[in-house]
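# Commentary on secondary and tertiary structure
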Amino acid sequence: VDVSGPAWPPDRATRDTAVSTFDANLVVVAGAGTGKTSLLVERLLVALGSGRVEVDAFAAITFTQKAAGEMRERLAEGLSRLHALTSSADAALDPARAADRARVRLRGDGVRDALVAARSLAALSRLDRATVETIHTFCASLLRAHPVEAGLDPAFEVDRGDRFALLLDEAWEAFVADELGPNGERGALWETVLERIPLATAAEVARGLAAFGVPAAALEPPFGALDARIVLRGTVEEIRASLQAAKSEPVPPTPTAVRAIDALDAAFGILLDAGIDRFREHVTTHDDLASRVPRTGAVGRTETQRAALRDALRFANRLLRVDDDALSRVVEAVAPFAGLAREALLRAGFVGFDGLLVLARDLLRDHPGVREALKRRYRMLLVDEFQDTDPLQYDIVLLLGEVDGGAARDPYAARLEPGRLFVVGDPKQSIYRFRGADYAAFARAVRRMLDEGGRPLDLVANFRSVREVVEPINRLFEPGPAGTWAESAAQPRYAAIAPTREGGDGPRVEVWTVSDDGGLSADERREREGRAIAAEIARLAESADGPRFGGVTILLRAFSNLTAYLRALRERGIPYVVDGGRGFRERPEVAHLVATLRALACPSDEAALLAFLRSPAGGCSDVDLARYRDGGGRWSRRHDVDPAEHPRIAAAFRVLLDLERAGCDLPVDALVRRTLARTGLEVLGAAAFEGSQRVVNLRKIAAAAAAMARDGRLSLLDLLDHLDDGIGADVESESPLADERTDAVRVLTIHKAKGLENDVVIVPDLARGEGRSDDGPVRVLRLPDGRLVPALSAGGAVNLARVVHDREEREHERAEELRLLYVAMTRARERVVVVAGDARGRAPWLDALAPWGYAVRTPPPDGAVLDPGVLHRLVGADTAAGPH
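Cut-offs and rules
- Residues numbered from 1 in each chain as written.
- Predicted model: local features only at pLDDT ≥ 70, side-chain atom pairs only at ≥ 80, totals over all residues.
- Heavy atoms only, no water.
- Core = buried A, V, L, I, M, F, W, Y, C linked by side-chain atoms within 4.5 Å.
- Buried < 20%, exposed > 50% of the residue type's maximum accessible area, 1.4 Å probe, protein only.
- Contact = heavy atoms within 4.5 Å.
- pLDDT = per-residue confidence, 0-100.
- Patch = residues over 30% accessible without salt bridge, like charges linked within 9 Å, V, L, I, M, F, W, Y side chains within 5 Å.
- Areas by Shrake-Rupley, 256 points an atom, 1.4 Å probe, with all protein chains shown as cover.
- Salt bridge = Lys/Arg side-chain N within 4 Å of Asp/Glu carboxyl O.
- Helix = DSSP H or I, 4+ residues; strand = E, 2+ residues; numbered from the N terminus.
- Pairing = 2+ DSSP bridges.
- Axes fitted to C-alpha atoms, helices over the stretch in contact; angles between N-to-C directions.
- Polar contact = N/O pair within 3.5 Å; in protein donor to acceptor, adjacent residues only side chain to side chain.
- Expected span 1.5 Å × (residues − 1).
- Phe/Tyr/Trp six-rings, centres within 6.5 Å; stacked < 30°, edge-to-face > 60°.
- Lys NZ or Arg CZ within 6 Å of the ring centre and 35° of its normal.

### Description of the nonpolar core
If you look at the biggest cluster of nonpolar residues, it comprises 80 residues, and the most contacted ones within it are Trp172, Leu209 and Phe386. The residues contacting leucine 209, other than those within four sequence positions of it, are Val214, Leu219, Val331, Val334, Ala338, Arg342, Val778, Pro790 and Leu792. Judged by nonpolar contacts, the second largest core, of 44 residues, contains Ala437, Val509, Trp845 and Tyr854.

### What to know about the confidence of the model for the protein chain
This prediction gives the protein chain a mean pLDDT of 87; 91% of its residues lie at or above 70. Contacts for the low-pLDDT stretch residues 880-884, under 50 throughout, to residues beyond four places or in other chains number 17 contacts.

### Here we look at a nonpolar patch on the surface
Taken together, the side chains of Leu180, Leu194 and Leu199 present a nonpolar region at the surface, about 210 Å² in accessible area. Structurally, leucine 199 is set in helix H10 (residues 199-209).

### Focus on the sheet that holds strand S13 (residues 576-579)
Read across the sheet, 7 strands follow the order S13-S14-S12-S15-S19-S11-S20 without closing on themselves; strand pairing throughout is parallel. A strand with exactly one partner marks an edge of an open sheet, and here the two such strands are S13 and strand S20 (870-875). In this sheet, adjacent strand axes meet at a mean angle of 20 degrees when their direction is disregarded. Pairing between strand S11 (residues 509-514) and strand S19 (residues 828-836): 5 bridges, direction parallel. Opposite valine 511, over in S19, you have valine 834 as the bridge partner. Helix H22 (residues 467-477) rests against S11, S19 and S20 of the sheet, and its axis sits at about 45 degrees to S19. Where helix H33 (residues 800-825) meets the sheet, its contacts fall on strand S12 (552-556), strand S15 (758-763) and S19, and the angle it forms with S19 comes to roughly 135 degrees.

### Digging into unusual backbone geometry
Of note in the backbone geometry, glutamate 385 takes a positive phi value of approximately 50 degrees without being a glycine. By secondary structure assignment, the location of glutamate 385 is in the loop between strand S6 (380-383) and helix H20 (391-400). The backbone of aspartate 765 sits at a positive phi, close to 65 degrees, despite the residue not being glycine. One can find aspartate 765 in the loop between S15 and strand S16 (778-782). Aspartate 765 sits in the buried class, given a relative accessible area of 6%.

### Section: the pairing of S20
In terms of burial, S20 is largely enclosed, as 5 of its 6 residues are buried. As paired elements, S11 and S20 share 6 bridges and run parallel to each other. For threonine 513, the partnering residue across the bridge sits in S20 and is leucine 874.

### What about the sheet that holds S6?
In spatial order, the strands read S3-S2-S6-S7-S1-S8; together these 6 strands make up an open sheet with parallel pairing. This sheet does not close on itself; its edge strands, each paired only once, are strand S3 (131-134) and strand S8 (455-459). Averaged over all adjacent pairs, the angle separating strand axes in this sheet is 15 degrees, with direction ignored. Sheet analysis places strand S2 (residues 58-62) next to S6, joined by 4 bridges and oriented parallel. Among the inter-strand pairings, phenylalanine 58 is bridged to a residue of S6, identified as methionine 380.

### Details of the side chain of aspartate 867
In this structure, aspartate 867 sits in the loop between helix H34 (844-848) and S20. You can call aspartate 867 buried: its relative accessible area is 10%. Within polar-contact distance, the side chain of aspartate 867 engages the side chain of arginine 475 at 2.8 Å. Every residue in contact with aspartate 867, bar those within four places of it in the chain, is listed here: Pro472, Arg475, Pro851 and Trp852.

### Notes on helix H28 (residues 647-663)
Between its first and last C-alpha atoms H28 spans 24 Å; for 17 residues at 1.5 Å apiece the expected length is 24 Å, and the two agree. Taken residue by residue, H28 has Ile649, Ala650, Ala652, Phe653, Val655, Leu656, Leu659 and Ala662 as its buried positions.

### A few points about the packing of aromatic side chains
Enumeration according to the criterion identifies 21 aromatic pairs in this entry. Judged by centre distance (5.6 Å) and plane angle (85 degrees), the rings of phenylalanine 477 and tyrosine 822 are edge-to-face. In this pair, phenylalanine 477 is assigned in helix H22 and tyrosine 822 in helix H33, connecting sequence segments 345 residues apart. The exposure class assigned to tyrosine 822 is buried, which follows from its relative accessible area of 0%. Among the aromatic residues, ring-to-ring pairing joins Trp172, Phe175, Trp190 and Phe337 into one connected group. Looking at arginine 342, its charged tip hangs above the ring of phenylalanine 212, at a distance of 5.7 Å from the centre. The positively charged end of arginine 807 is found above the aromatic ring belonging to phenylalanine 315, 5.3 Å away from the centroid.

Okay, structure coming up:
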């Protein structure tokens, strides 16, 4: 394709604007597979080649370290290519490459090749000065550059949570001893608190409030007291409207349902007029509500009536648990601890991930001189994956995007410098709410940029998937009578993506229904799904034109039901690699390495020593161990062992002694690497079944050790404790997959698949029920005016902020469930398979298939075409989908 020819791709004009406009802030919404990273690199090449910015005068912020590394690598390749193109008059152009498109753009703008060549070479030679990093790394750099203003030790280390957890445990014991001891001055307050909740629950609230994400103002009176008549008005009016709509349906509700609707409507009216205390009094004394509300049982002739009543009753029941006074007293009692704990962490020279964001935002907000210097340095700020940025990061971006000379304390009052900000994202792919991403906050930040003269741009040309994949996905999610995707405060509008690739040989999107011959349990259904998937992958691998094993990816909503799918792959002998997962700590190769390290760190730990000896690292059989024990041998590596009588045990003890001597001179992370080499665990793992997966897991521990022990402050025992608490619980870790050349099926969560793609993508477990919110004691509610207040749940009581928070959270979670399905389906280049089955309750993903004409209770016949381009297949317990 001639890059100077006709308008291709279909959004070419938008792309030209995105890479060449430097006099306005740009908000680019980049749909799935539209090449946003390439666009970011092209814009930087144009900016550098035109002389608009120097290599050390921009900051490119990415979501993950992997993305930062990829962008830096692609920028280096682009600069090298741009230099080569502008140094040769007859260089052939490739429009698929960012540097080639940048060269055409620069020449069209009249920039001489000689200048571009010189600038690109200079930028390449100084690329190490470029700021291309994650937001946390960026914030850490800001804080280290201005430690006095930030109130930090300039040599602080980033805490992954382990240090803070230990500090909180130690500090809480001391705090309680002071508060409840004979010299405590707040005994009356604590007596009131402990009448309502146990001390252990108060400790959970204290730990939650100590997080840096809870604003310091929330730890001061009046502790975020809210007026139900104000904060609940919108929600209550919505519930009342639903009740009246249910009452007015063509099929009239039962008399019992009518009485319940009228009673609830009256109660909610009292709530809005007189407040929550009068509401509680009314509900608990009303004949029709006093017994019904606690049960939250719904009556009605239609599902709409039952759903409206169920929602209203649950909300009323939640309101009965509100006790703002009691929870305010809890906050008052533990607030001093929260403040002291934060200060103690900073004094110890550590800052957590949430602390990096809070302290960087505060530094920019409270020190105009520092902000001004940073604005002079960073003339351009580019932010990738803007939809997955949390509200604190939006504050940082807006403060740095301010006009020179500005000093607004409120980020949303800052006047923005035209052309300084370039943000790229796709709200349809916002799936990281559990990490703080907030679509409402995204919409607010974008609105602020547009209000300040910014320009919205939509990238729609999809280069990843064939047309036969893209078009059914568009029809599934576009707004329509089925209502799968509806724009709301929690959901962006759906913008269709435009395919640029042709497949041309029949349906590429399939819905499989696992046959249910008598009411399968969820586990049985997943077992059948796993066997059907494994059979299909085996068939594909055997076919002449099928993809390699590495061309198939299985995407799961979560790893809590991973076993059923992996077992089926093992039974078929299909190699696979799993990225992340709760079972990581129980993996045999991980257990073997940890046992070896623990035997090394704790000479008196006989269990660890036995585990090492029985592992491939020790190489001893149970017969060897029994003979050694019966001969009076002691379980100590310092015990003299006759190598002639017990050769394997003697050799294993020598391994430990060699490693012990090496450990005297090596930092902990180097000792871990030495252990892998000396024991041969990595080589042995590679030779075993699932060898790729085993090697990945062992290297993950080595990488984690390097990250945690780099400062030299941790002992091997500290490291092992942190591995138990950290990696074992790190479900969505950032460890890389195996080398892309490894021919193995990829199994990962949808969250890990962000930015990845593959030829065939299989999404099982669509019959999975709704997810449940984390019911931790402390959350933070953002009010419409921007204030943050603690939302608390403790001892069976909640505060009003928690009621509002949880209601909003549920709405956002349901919207995100649909976005997760969209992300999963749009990872496929050639073929998508989604696997359905009979659900035992509400299954949002099954409901989402309605626009394709799919209903799980009455699935179409095998081989039927649903929506044009979507093929339905019935699969049994031991059969694949068959030929295509």
